[in-house]
Amino acid sequence: MKKNNTKFLAGGLGQLTIPLVAIALLVIFNLIRDPGFFSIGIMHNNAGNIVLAGNLISIINGASELAILAMGMTMVTAACGGQDISVGAAAAIAGSVFVKVLKSADSIGGGTVIGAFLLACIVAMLFGTFNGILVAVFKIQPMIATLILYTCGRSIAYWINGGATPTVESPIINAIGSFIPGIPIPTPVLIVVVMGILFKLLFHFTSLELFTQSVGINGSAARLNGINSTFIKLLSFIILGVCVAVSGSIGVSRLGLINHETLLLDIEMDTILAVAIGGNNLGGGKFKIGGSIIGAYVIQMLTITLYAMKVSSTDVKAYKAIVIILLVVIGSPVVKEKFGKFMSKMLENRKKVSVKGAEES
Amino acid sequence: MQEEVLLQMRHIEKRFPGVLALNGVDFTLRKGEIHALMGENGAGKSTLIKVLTGVYQMDGGEISVEGTNISIRSPQDAQNKGISTVYQEITLCPNLTVAENMFIGREGGAWVKHKDYEKRADEILTHLGIPARSTQQLGNCSLAVQQMVAIARAVDMNCKVLILDEPTSSLDDKEVNMLFDLMRDLKAKGVGIIFVTHFLEQVYEVSDRITVLRNGELVGEYLTEELPQVELVAKMIGKELDELSNLGDTEEKEHKDSEVLYEASNLSSTDAMPFDFSIRKGEVNGFTGLLGSGRSESVRAIFGADKVTGGSVKIKGKPVKITKPIDAMKNGIGYLAEDRKRDGIIAELSVRENIILALQVMNGLFKPISRSEAEAFADEYIKVLNIKTASRETPVGSLSGGNQQKVILARWLLTHPDYLILDEPTRGIDVGTKLEIQKLVLKLAEEGVSVTFISSEVEEMLRTCSRLIVMRDRHIVGELKGADLNQTQVMKTIAGGEA
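Here the structure is a predicted model, which means the values were calculated and not measured.

Conventions and cut-offs
Residues numbered from 1 in each chain as written. Chains lettered and ligands numbered in written order. Predicted model: local features only at pLDDT ≥ 70, side-chain atom pairs only at ≥ 80, totals over all residues. Pairing = 2+ DSSP bridges. Helix = DSSP H or I, 4+ residues; strand = E, 2+ residues; numbered from the N terminus. Axes fitted to C-alpha atoms, helices over the stretch in contact; angles between N-to-C directions. Contact = placed C-beta atoms within 7 Å. Buried ≥ 20, exposed ≤ 12 C-beta atoms within 10 Å, placed from the backbone. Nonpolar A, V, L, I, M, F, W, Y, C, P; charged D, E, K, R; others polar. pLDDT = per-residue confidence, 0-100. Left-handed = near helix turned anticlockwise from the far one by under 90°.

**Let's talk about the sheet that holds strand E13 (residues 284–288) of chain B**
Residue and element names in this part refer to chain B. Read from one edge of the open sheet, 6 strands run E16-E17-E18-E13-E19-E20, paired in mixed fashion. Edge positions in the sheet fall to strand E16 (333–336) and strand E20 (475–481), since each has one partner strand and no second. Here the strands of the sheet are splayed against their neighbours by 15° on average, with no regard to which way each runs. Relative to strand E18 (residues 450–454), strand E17 (residues 419–423) runs parallel, the two being bridged by 5 bridges. The residue of E18 that forms the bridge with Leu422 is Phe453. Relative to the sheet, helix H10 (residues 295–303) contacts E13, E16, E17, E18 and strand E19 (467–472), its axis offset from that of E17 by approximately 150°.

**Considering the environment of Pro425(B)**
Residue and element names in this part refer to chain B. Its place among the elements puts Pro425 in the loop between E17 and helix H16 (431–446). For Pro425, a count of 28 C-beta atoms within 10 Å translates into the label buried. Separated by 12 residues in sequence, Pro425 and Ile437 place their C-alpha atoms 7.7 Å apart.

**Brief notes about the interface of chain B and chain A**
The figure often quoted for interface size is the accessible area lost as the parts come together. With 23 residues of chain B in contact, the opposing surface of chain A contributes 19 residues. Among the elements that make up the side of chain B that touches chain A, the one with the highest residue count is helix H13 (residues 351–363) of chain B (6 residues). Here the side of chain B that touches chain A is built from residues that sort into 17 nonpolar, 2 polar and 4 charged.

**What about the confidence of the model for chain B?**
All names here are of chain B. In this model, chain B carries an average pLDDT of 85, and 91% of its residues clear a pLDDT of 70 or more. Counting interchain partners and residues more than four positions distant, the pLDDT-below-50 stretch residues 240–244 has 6 contacts. Predicted complex, confidence summary: ipTM 0.85, pTM 0.76.

**Topic: the pairing of strand E9 (residues 209–214) of chain B**
All names here are of chain B. Judged by how many residues are buried, E9 sits mostly within the fold: 5 of 6 residues are covered. Two elements, strand E3 (residues 34–38) and E9, share 4 bridges in a ladder whose sense is parallel. Across the sheet, the residue bridging to Ala36 is Ile210, located in E9. Connecting E9 to the next strand, strand E10 (residues 217–223), in antiparallel fashion are 2 residues, including Asn215 with a positive phi near 50°.

**Remarks on unusual backbone geometry**
All names here are of chain B. Although it is not a glycine, Asn386 sits at a positive phi angle of roughly 55°. With respect to the element layout, Asn386 can be found in the loop between helix H14 (371–384) and helix H15 (401–413). A tally of 12 C-beta atoms within 10 Å means that Asn386 is categorised as exposed. One non-glycine residue, Glu424, lies in the positive phi region at around 50°. As for its position among the elements, Glu424 is in the loop between E17 and H16.

**A look at the packing of helix H5 (residues 110–137) of chain A against helix H11 (residues 229–255) of chain A**
Residues and elements named next belong to chain A. The N-to-C vectors of H5 and H11 enclose an angle of 145°; their axes lie 7 Å apart at closest approach. The element H5 and its partner H11 pack so that their crossing is right-handed. Its residues assigned to classes, the contact of H5 with H11 shows 17 nonpolar, 8 polar and 1 charged.

**Considering the environment of Phe127(A)**
Residues and elements named next belong to chain A. Tracing the chain through its elements places Phe127 in helix H5. With 25 C-beta atoms counted inside 10 Å, the residue Phe127 sits in the buried group. Taking C-alpha positions, Phe127 is 7.4 Å from Ala90, a pair spaced 37 residues apart along the chain. If near-sequence neighbours (up to four positions away) are discounted, Phe127 is found in contact with Ala90, Ile93, Leu149 and Gly241.

Set out below in structure tokens:
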């Protein structure tokens, strides 16, 4: 049994090695640079609540939308072997719907917020279905299919609120975007945890994981085993739609307003990157949601680290690119194989040495 | 007799974690000979070939070509030293022309003189008698010609040693003969050919010498004419042959009493012409015919693997509608597809996941098989079918062909089908496993499962089936049973010469 466990760990670590090592390196680097970088303080925020604060908290908090989108993107990637580049635009639509409903209510209570969120969810799922049909039924390359919504999404978001950038003021929205009174952990972080648990439950109570991987690895065999791959692909886009609505709503709640031009701008590429850093094959197949979540945190930690080093915001992207090149190259099959060979040689040499040593003694 | 030694491999050793894949294997290839390399799956054939072509580095032993010791560092290196391989799966580019395929990757520079290459290619093609033109798109040629182009490419690279790894597995008889003519031609030109195949008849037809491996060790090297076929099989599987013949030799089982399980009339699909077919409970029948005769297409129509376009189907007398695989599965039909890699295994998933797949699909999305249940199922079938795998969590893609096939069999057995369709379940797998699968088919039939069995080896079908449906040009042209079940009659019916 123990043997099985270690084997399982080795198999699991294979995929998660790169993101975990990346996080570890970033942590060590930051600790050397500034030993106090990760210290967590307790302070009173503007609303008078006791909350946790510090770089670590802002990293984990700031990566929330990215992490949630990465979870959904992982499903689309695994099933379709391609990526959805419209998530940022779709989140702007979902966020606009969210605000539109809130604004239409006389007073914003819990029910209104839930209603607004549900409607945002439905709208995002419909757009997901649109993308999904293009990909699963019409067999269009995911990137091309989602290019449509990527192009027009923010215009649609603009129309929803008549071109305005309305603000919403409500303690509930404030609580979603920052802290729930009495809980020192940022609410978006809690939402990530909830989403993670939901995915875990989804995989536990359905066989979606097995079916998605089968469709992604060998569509032809999956079909001959009775799997409806069109449905599985469509479903992955609908699930991503839910993630889009959640991230869009968080984004809106953070600012208390919807800006259709800037909400989650450029997040699609970071999302895809998070999936890739998480060790998932962008060509589809086997996947680990956990890897993508860690990938999201790697990206955010990198960004915050660069800002902490006083890199100007215009330069940050270039530095980020350098680190990402390194990560992607290290994670590439070629390097992995070379490394594997090197390791097995090292182990062999060590064995030889120990055998020799034993003989000599 | 040319006895000049071309290639000598001595005491080759290759170790994988936990396995000694090659244990001091010797292999000698002489100039101008066709040398068959035989053995069951896992005997070490492919490992030996991969050592020779530089895919693997050997852990011990030496290789010499024409008397000089060489070391082979990579496939490129092997090619430079005159050792070329043509693999089972054609590794050329179908969307390029024949000439481009022959010269790809070894052009002088960025400026390719197409005319020169085409001229050179045409020369080689005529020289070798290959029926293709250099300007033809490779994808438009038959598989056999593609295979031959791959060989032509190898030959033009001044190869002394040509390795053909299962070159005939997707060719029909006529194409095989074309290939054999080419092999004999090359042999006459002094090329040493290593021929790896599972088809015993072909070994006897074309090879001069046979080397047999078993469990990573050398069994021996024999002159083909001095080694009877039965003995070869015995050496390969290391068992006495009685077992082979013990296999329920054409029991004249009549199934007139048992109920008709499946009945199709005028069934057709996008790929299959309308046909009538029925099978009784506990019956084993076969579809035979040449490649392209429509045998696979017909069974695919039964399973709903291609789009069904017409006809009616009854199961146990009740009309049912089967238009897609899931319908067939829900009606108790299982289908092991012809192309294991493309339509069977989910390579990167574990043995466990592959085994439970079909049952899980039947259970549906919302009734997942629990981890512990799945593990129990996997362990059970690994044991029952004697699947050789490191563990149930091993990715199925890393198993040998025969064991992959057993995993897919396990997948269907787990669904407890009433009717199991096996399309070429024994293709490209070793003799021992073939036998196990044949036995399994008979055992299933005894338990009341109906089986349709397709194999390109007629002998195998004669051993297992009590009724053979013969197809030609996409139509059923005959049905053989009882006394008519013999090789001659089958051949006659296939060929169209009604006796």
